[in-house]
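# Structural overview
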Amino acid sequence: MRFVPRILLVLTLAASQTAFGHAVVTHNSLKLKPVPVNQASQVELSFNSKVELDLSEVFLVSAGDVMTPVAASPGAKPGQVLLDLPALAPGEYAIKLKIFAADGHLSEDLLRFFVKEPK
């Protein structure tokens, strides 16, 4: 019974290493600031770890599943990435991410958003 706390500690540490081995989006500016209609804009993403942008891919997905590469640059903070979006007409879009964490793990994500005319 004396070993149970130690075993639980080892299992917890092993699980935390697995959970943080992938770059996961923890914040995106799409939730706070809508993409303006017919204006180029920038989207800010924050990840739970540093990312290797040279090995990563980011695409804008538009109607008909048309995928257009998006320029991504590092932000001011570790794990922060800035995406440059072109001017977009009203409609439904997504950002498709294939991100390599600094430790080499690949993560994929899809962030859906709408571009709407102001009311």
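Residues numbered from 1 in each chain as written. Predicted model: local features only at pLDDT ≥ 70, side-chain atom pairs only at ≥ 80, totals over all residues. Heavy atoms only, no water.

Per an unreviewed UniProt entry, the protein is named Copper resistance protein CopC, and its organism is Methylomonas koyamae.

Another aspect to go through is the sheet that holds strand 6 (residues 80-85). One open sheet accounts for four strands, arranged 1-2-6-5; its pairing is antiparallel. Bordering the open sheet on either side are strand 1 (25-28) and strand 5 (71-74), each of which pairs with just one other strand. On average, each strand axis in the sheet is inclined to that of its neighbour by 25 degrees, with strand direction left out of account. With four bridges connecting them, strand 5 and strand 6 associate as antiparallel partners. Within strand 6, the residue paired with Pro74 across the bridge is Val81. (Pairing = 2+ DSSP bridges. Helix = DSSP H or I, 4+ residues; strand = E, 2+ residues; numbered from the N terminus. Axes fitted to C-alpha atoms, helices over the stretch in contact; angles between N-to-C directions.)

Our next topic: the pairing of strand 2 (residues 41-47). Counting buried residues in strand 2 gives five out of seven residues, a clear majority hidden from the surface. One ladder, built from three bridges, connects strand 1 with strand 2; its direction is antiparallel. The residue bridging Asn28 from the neighbouring strand is Leu45, located in strand 2. (Buried < 20%, exposed > 50% of the residue type's maximum accessible area, 1.4 Å probe, protein only.)

Let us look at the side chain of Ser107. With respect to the helices, strands and loops of the structure, Ser107 is situated in strand 8 (residues 106-115). Residue classification places Ser107 among the buried positions, given a relative accessible area of 10%. Those residues within four positions of Ser107 in sequence are excluded, and the remaining contacts are His22, Ala23, Leu97, Lys98 and Ile99. (Contact = heavy atoms within 4.5 Å.)

To continue, consider the sheet that holds strand 8. Spatial strand order, 4-3-7-8: four strands in an open sheet with antiparallel pairing. Both edges of this open sheet fall to strand 4 (66-69) and strand 8, since each of them pairs with a single strand only. The average undirected angle you get between the axes of adjacent strands in this sheet is 25 degrees.

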